[in-house]
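Chains, contacts and geometry: an overview
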Amino acid sequence: MKRRSFQLCVRRLLSNTRPFPDYSPKKPSIQDSQLVHQISNTIKLRHTEPLLQILKPYETKFRSDHLIWVLMNIRYDYELVLDFLDWACLLRDLNLEVRCIVVHIAAASNDLKMVRELICDFWAKPNLDIINCFVHFVERLIYTYKDWGSDPHVFDVFFQVVVEAGMLNEARIFFDKMLNYGVILSVSSCNVYLTHLSSNSDMLGTVMKVFSEFPPLGICWNTESYNILLNLLVRFGKIKEAHYLLMRMEFKGCIPDVVSYSTVIHGYCQGGSLQMVQLLVKEMQMKGLKPNSYTYSSVMFLLCKAGKVVEGERVLREMMLEGVNPDHVIYTTLIDGFCKLGNIQGAFKLFCQMEAQNLFPDLIAYSALICGLSGSGKIMEADRLFNEMINKGLEPDEVTYTSLIDGYCKLGEVKKAFSLHNQMVQVGLTPNVVTYTALADGLCKCGELDTANELLHEMCRKGLRLNICTYNTIVNGLCKAGSILQAVKLMEEMKEVGMHPDTITYTTLMDAYCKTGEMRKAHELLREMLNVGLQPTVVTFNVLMNGFCMSGMLEDGERLLKWMLDKGIKPNAVTYNSLLKQYCVKDNMQTSTKIYRAMSAQGVVADCNTYNILIRGHCRARNMKEAWFLYKEMVEKGFNLTANSYNALIKGFFKRKKLLEARELFEEMRRKGFVAAAEIYNFFVDVNYKEGNMETTLELCDEAIEKCLLDKARTGD
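Residues numbered from 1 in each chain as written. Predicted model: local features only at pLDDT ≥ 70, side-chain atom pairs only at ≥ 80, totals over all residues. Heavy atoms only, no water.

We now examine the overall build of the protein. When helices and strands are tallied, the protein shows 40 helices and zero strands. The C-alpha atoms of the protein give a radius of gyration of 40 Å, which is well past the 27 Å a tight globule of 717 residues would have. By its C-alpha atoms, the protein is 135 × 60 × 60 Å across when sized along the principal axes. Going through the 717 residues of the protein one by one, you find that 47% of them count as buried. Across the protein, the fraction of contacts at a sequence separation of at least 24, relative to all contacts at a separation of at least 6, is 62%. Put simply, the protein shows about 37,300 Å² of open surface, and 54% of that area lies on carbon and sulfur atoms. For the protein, the separation between the mean place of its 82 positive charges and that of its 81 negative charges on side chains is 6 Å. (Helix = DSSP H or I, 4+ residues; strand = E, 2+ residues; numbered from the N terminus. Rg over C-alpha atoms; globule rule 2.2 N^0.38 Å. Buried < 20%, exposed > 50% of the residue type's maximum accessible area, 1.4 Å probe, protein only. Contact = heavy atoms within 4.5 Å. Areas by Shrake-Rupley, 256 points an atom, 1.4 Å probe, with all protein chains shown as cover. Lys, Arg positive; Asp, Glu negative; His and termini not counted. Charge placed at Lys NZ, Arg CZ, Asp CG, Glu CD.)

Quick look at the structure:
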């Protein structure tokens, strides 16, 4: 059906076409004819000798017209044509007519490479009037076509060269002109045209128009054509339209290939649609198409973005089993994903695997690992990797340096951070606002608030536009140092320069007021925050809750919790923990239990802190059965007791004369490296002494002296 409609379309076009013109060159004079005859015979009979030597006698008399007349005599000996052309070019440049004649001869000899070179060489001339030259070239090419070659491939090559030169409007004019002569350019040439149209960011409408206009003109789009359009739609974020086009391909007689599916899968991956990706991969495999490296890379990007890095690694193994070799991009995506989850061990495993595959880690892979190590406090390992990277000839960029600087600042090693900053400047890199924010944060952590403030002004002098993170860093530093008034002043300065405080700014200040018991001021900030249209987060409410509880305002805390629930703001474990802690401190375990049950009823999952708070509270209230039940439950969930919780449980069991449970917990505590309270060591020293276990008694005495008495002496407690 499709073939028949195509044939009808071609017949319709041919019925309205004009014939190619006859070629009518200038007639040679008798004298010219003799010269042409002599040259033609000479090069035919003595073709094994250098033309430069045998044609020396004719150089002074030779003109462009002679070149055309000689070509008429030797046109069917292509090698001879090329040799003669080389000789002629030494005497003078080819005029346009001669160039077109040789183009046709080369096309008729199926030397399309030479065709391309001759056309490209023409466009490479300096100071060329592109439009005029285009018009003349097309005229000469058409004029010489009928008598010098009649191979339509010549028009395909010309069209492609014009397109590649960026003359897209002229290419379309040429396409339409050739239709007038009944020549339909190949789909390959039209694909080149589509590709170059697609490279222009504002050409989507034009590409779509061409895609719909060309089939009635005789162009039968193929799978490559559809892939070009699919890629363009995905680039513009039109994923649903791309998916619809993929489904239509088969109805149009084009079978989608791995590139077609991979392009649409990539689009859905960029949009985060995991379910659609899984459906398309399954559909692709059902059609016998194996995902390629690009497909896998897109899927892994999506999984890592969603935090499903373990699943991403599983896809890597599946990919390798299918015989598809992962590239730098795939490994780097997974390494970065593991680092962002804090799983540095998993990232290093992939890093080593990458090297084993002879894929040497690049700057991005190293930077991802350095960033992950720095963020998790493993600064020495990050520094070692940084130096290894330099030794391998890789040059760190602003991101690499900033990651390392941030790591040192977080540990309070500001001197080393500034040393890296200076090194960064020396190698010609410009620190950005993120770099300076990290340095400001480091200065604040060391209590050097004046220096941090100076750095802030230096950033402004350098023309850097401070972002909200920079201001929030300084505000946080001032609040932690107890300089709340300075923090408030800085927030006002932010407003003056057009930088609006965000939820983090307000929450940081509210936290500072709550910790100093100034709940009224904290509440005023909340009102101001709501008035400017900012929505408080659960962290904001947790700050207020902690403030109420620390100030002994438990009823206000409970009212805040009720208000949150009424407004549909879901509290988290931290919200409930503040209330639980204060009620446990007051030995009000009845209310604590009631709050804990309400927390569970709301679907809020208890965290490690919740269990430790409740266990200590029940131990103080001598509810050892309840404390022991909670201990078993938290262990099953993978949580650990704190040293204080161990001490509370052991003391509680001693008071209940449950020596076996107390001893079991004491040994567990020691195995985990926790330091027991001095009185607990005393309990077990006495117990072991009475039982006659002198070796254990002496061991516990030594341990108590080392861990309790000496530690107290060192800390001055």
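There is a patch of nonpolar side chains on the surface, built from Ile130, Ile131 and Val135 and spanning about 220 Å² of accessible area. Locating Ile130 in the fold gives a position in helix α8 (residues 130-148). On the basis of relative accessible area, Ile130 is assigned to the partly exposed category, the value being 32%. (Patch = residues over 30% accessible without salt bridge, like charges linked within 9 Å, V, L, I, M, F, W, Y side chains within 5 Å. Salt bridge = Lys/Arg side-chain N within 4 Å of Asp/Glu carboxyl O.)

Turning to the packing of helix α13 (residues 223-235) against helix α14 (residues 239-249), a few remarks are in order. In the contact formed by α13 and α14, the axes pass within 8 Å of each other and the chain directions differ by 165°. If you check the angle between α13 and α14, you find them roughly antiparallel. Where α13 crosses over α14, the two elements pack in a sense that is left-handed. Within the contact between the two elements, α13 uses Thr223, Tyr226, Asn227, Leu229, Leu230, Leu233 and Val234 and α14 uses Ile239, Glu241, Ala242, Leu245, Leu246 and Met249. Its residues assigned to classes, the contact of α13 with α14 comprises ten nonpolar, two polar and one charged. (Axes fitted to C-alpha atoms, helices over the stretch in contact; angles between N-to-C directions. Parallel < 35°, antiparallel > 145°, perpendicular 65-115°, else oblique. Left-handed = near helix turned anticlockwise from the far one by under 90°. Nonpolar A, V, L, I, M, F, W, Y, C, P; charged D, E, K, R; others polar.)

A few words on the confidence of the model for the protein. Taken residue by residue, the protein gives an average pLDDT of 86. The fraction at 70 or more is 96%. When mean pLDDT is taken per element in the protein, helix α9 (residues 153-164) scores highest with 94 and helix α1 (residues 2-15) scores lowest with 48. Note that residues 6-11 has pLDDT below 50 and, in this model, eight contacts with residues that lie over four places away or in other chains. For residues 712-717, every residue scores under 50 in pLDDT, and the model assigns this stretch two contacts once sequence neighbours within four places are set aside. (pLDDT = per-residue confidence, 0-100.)

On the surface, Asp77, Glu79, Asp83 and Asp86 cluster together to form a negatively charged patch. By the element assignment, Asp77 lies in the loop between α4 (64-74) and α5 (78-91). Note on Asp77: relative accessible area 40%, which makes it partly exposed.

Now for the nonpolar core. One recurring pattern in soluble globular proteins is that nonpolar side chains are buried together. Ranked by size, the top nonpolar core spans 239 residues in total, and within it Leu71, Phe84, Trp123, Phe155, Phe158 and Leu649 carry the most contacts. With near-sequence residues (within four places) excluded, Phe84 lies in contact with Ile39, Ile43, Leu51, Leu55, Phe62, Leu67, Val70, Leu71 and Ile74. (Core = buried A, V, L, I, M, F, W, Y, C linked by side-chain atoms within 4.5 Å.)

As a further point, take unusual backbone geometry. Within the chain, Ser150 stands out as a residue other than glycine whose phi angle is a positive 55°. Residue placement: Ser150 occurs in the loop between α8 and α9. Positive phi is not limited to glycine here, since Asp587 has a value of about 60°. Among the secondary structure elements, Asp587 is positioned in the loop between α33 (573-585) and α34 (589-601).

Within the secondary structure, Glu398 is located in helix α23 (residues 398-410). In this structure, the C-alpha to C-alpha distance between Glu398 and Cys549, residues 151 residues apart in sequence, is 44 Å.

Moving on, we come to the environment of Thr508. Position of Thr508 among the secondary structure elements: in helix α29 (residues 503-515). Overall, the relative accessible area of 14% leaves Thr508 in the buried class. Put simply, Thr508 and Asp77 are 431 residues apart on the chain and 87 Å apart in space, counted from C-alpha to C-alpha.

The next subject is helix α28 (residues 484-496). Taking 1.5 Å of rise per residue, 13 residues should cover 18 Å, and α28 covers 19 Å from first to last C-alpha, within 8% of that figure. Buried within α28 we find Ile484, Ala487, Leu490, Met491 and Met494. What you see down the axis of α28 is that its buried residues fit within an arc of 115°, all on one side. Turned more than 90 degrees from where α28 packs its buried face, Leu485, Lys489 and Glu496 sit exposed. Where α28 is buried, its residues contact α26 (449-461), α27 (468-480), α29 and α30 (519-531). (Expected span 1.5 Å × (residues − 1). Arc of directions from axis to C-beta.)

Quick look at the packing of aromatic side chains now. Counting across every chain of the model gives 33 aromatic pairs. On the basis of an interplanar angle of 45° and a centroid distance of 4.3 Å, the ring pair of Phe20 and Tyr145 is categorised as tilted. Of the two residues, Phe20 is situated in the loop between α1 and α2 (30-45) and Tyr145 in helix α8; the sequence distance between them amounts to 125 residues. In this structure Phe20 comes out as buried when scored by relative accessible area, which is 13%. On the basis of relative accessibility, which here comes to 9%, the residue Tyr145 falls in the buried class. An aromatic cluster of three or more residues is present, and its members are Phe20, Phe122, Phe134, Phe137, Tyr145, Phe155, Phe158, Phe174 and Tyr181. Residue placement shows Arg75 over the ring face of Trp148; its charged tip is 4.6 Å from the ring centre. (Phe/Tyr/Trp six-rings, centres within 6.5 Å; stacked < 30°, edge-to-face > 60°. Lys NZ or Arg CZ within 6 Å of the ring centre and 35° of its normal.)

A side chain with one charge may pair with a side chain of the opposite charge, provided their charged atoms come close. Taken as a whole, this structure holds 33 salt bridges when the rule is applied. Put simply, Glu250 and Lys287 hold a salt bridge, and the shortest N to O gap is 2.5 Å. Placement of Glu250 in the loop between α14 and α15 (258-271) and of Lys287 in the loop between α16 (274-286) and α17 (293-305) is noted, with a sequence separation of 37 residues between them. The class for Glu250 is partly exposed, based on a relative accessible area of 39%.

Position of Lys489 among the secondary structure elements: in helix α28. Note on Lys489: relative accessible area 56%, which makes it exposed. Residues Lys489 and Asp441, 48 residues apart in the sequence, show an inter-C-alpha distance of 18 Å.

Attention now moves to the packing of helix α19 (residues 328-340) against helix α20 (residues 344-356). Contact geometry for α19 and α20: axes closest at 7 Å, N-to-C directions at 165°. As summarised for this structure, α19 and α20 are arranged roughly antiparallel, according to the angle between their axes. The two elements α19 and α20 cross, and the hand of that crossing is left-handed. For the pair α19 and α20, the contacting residues are His328, Tyr331, Thr332, Leu334, Ile335, Phe338 and Cys339 in the first and Ile344, Gly346, Ala347, Leu350, Phe351, Gln353 and Met354 in the second. For the contact of α19 with α20, the per-class residue count stands at ten nonpolar, four polar and no charged.

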